Amino acid sequence: MDGEDFAGKAAAAAKGLNPGLIVLLVIGVPLVVFLVANYVMYVYAQKNLPPRKKKPVSKKKLKREKLKQGVPVPGE
């Protein structure tokens, strides 16, 4: 009789899903999909997009840097 009783409990447990498992799946699956998609796009961008262009340095900053280094600025 114990075997039948155990089988009945197992069937009852299999019928209803644990609410914690449902919450975990609803939150976990989209999160994992989001992270994997981000990683795939990052790898694609590193391979295919050209490197960023550097901002042009202003003449004032260039002059200041040269003065710091002790290089005489031409034209002065």
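Note that this is a predicted model, so its numbers are computed, not measured.

## Overview of the overall build of the protein
Looking only at helices and strands, the protein has three helices and zero strands in total. A burial count over the protein gives 1% of its 76 residues as buried.

## Structural notes on a nonpolar patch on the surface
Residues Leu17, Leu21, Ile22, Val23, Leu24, Leu25, Val26, Ile27, Val29 and Val33 make up a contiguous nonpolar surface patch of roughly 940 Å² in combined accessible area. Tracing the sequence through the fold places valine 29 in helix α2 (residues 19–48).

## Re a positive patch on the surface
On the surface, Arg52, Lys55, Lys60, Lys61, Arg64 and Lys68 cluster together into a positively charged patch. Position of lysine 61 relative to the elements: it lies in helix α3 (residues 59–69). Among the residues examined, lysine 61 registers a relative accessible area of 51% and is labelled exposed.

## With respect to α3
Taken across its eleven residues, α3 has zero buried, putting it largely on the surface. Remark: glycine 70 follows α3 within two positions and exhibits a positive phi of approximately 85°.

## Remarks on the confidence of the model for the protein
Chain-level statistics for the protein give a pLDDT mean of 81 and a share of 72% at 70 or above. In the model of the protein, helix α1 (residues 2–15) stands out as the element of lowest mean pLDDT, 59, in contrast to α2, which has the highest, 95.

Parameters at a glance
- Residues numbered from 1 in each chain as written.
- Predicted model: local features only at pLDDT ≥ 70, side-chain atom pairs only at ≥ 80, totals over all residues.
- Heavy atoms only, no water.
- Helix = DSSP H or I, 4+ residues; strand = E, 2+ residues; numbered from the N terminus.
- Buried < 20%, exposed > 50% of the residue type's maximum accessible area, 1.4 Å probe, protein only.
- Patch = residues over 30% accessible without salt bridge, like charges linked within 9 Å, V, L, I, M, F, W, Y side chains within 5 Å.
- Areas by Shrake-Rupley, 256 points an atom, 1.4 Å probe, with all protein chains shown as cover.
- Salt bridge = Lys/Arg side-chain N within 4 Å of Asp/Glu carboxyl O.
- Lys, Arg positive; Asp, Glu negative; His and termini not counted.
- Charge placed at Lys NZ, Arg CZ, Asp CG, Glu CD.
- pLDDT = per-residue confidence, 0-100.

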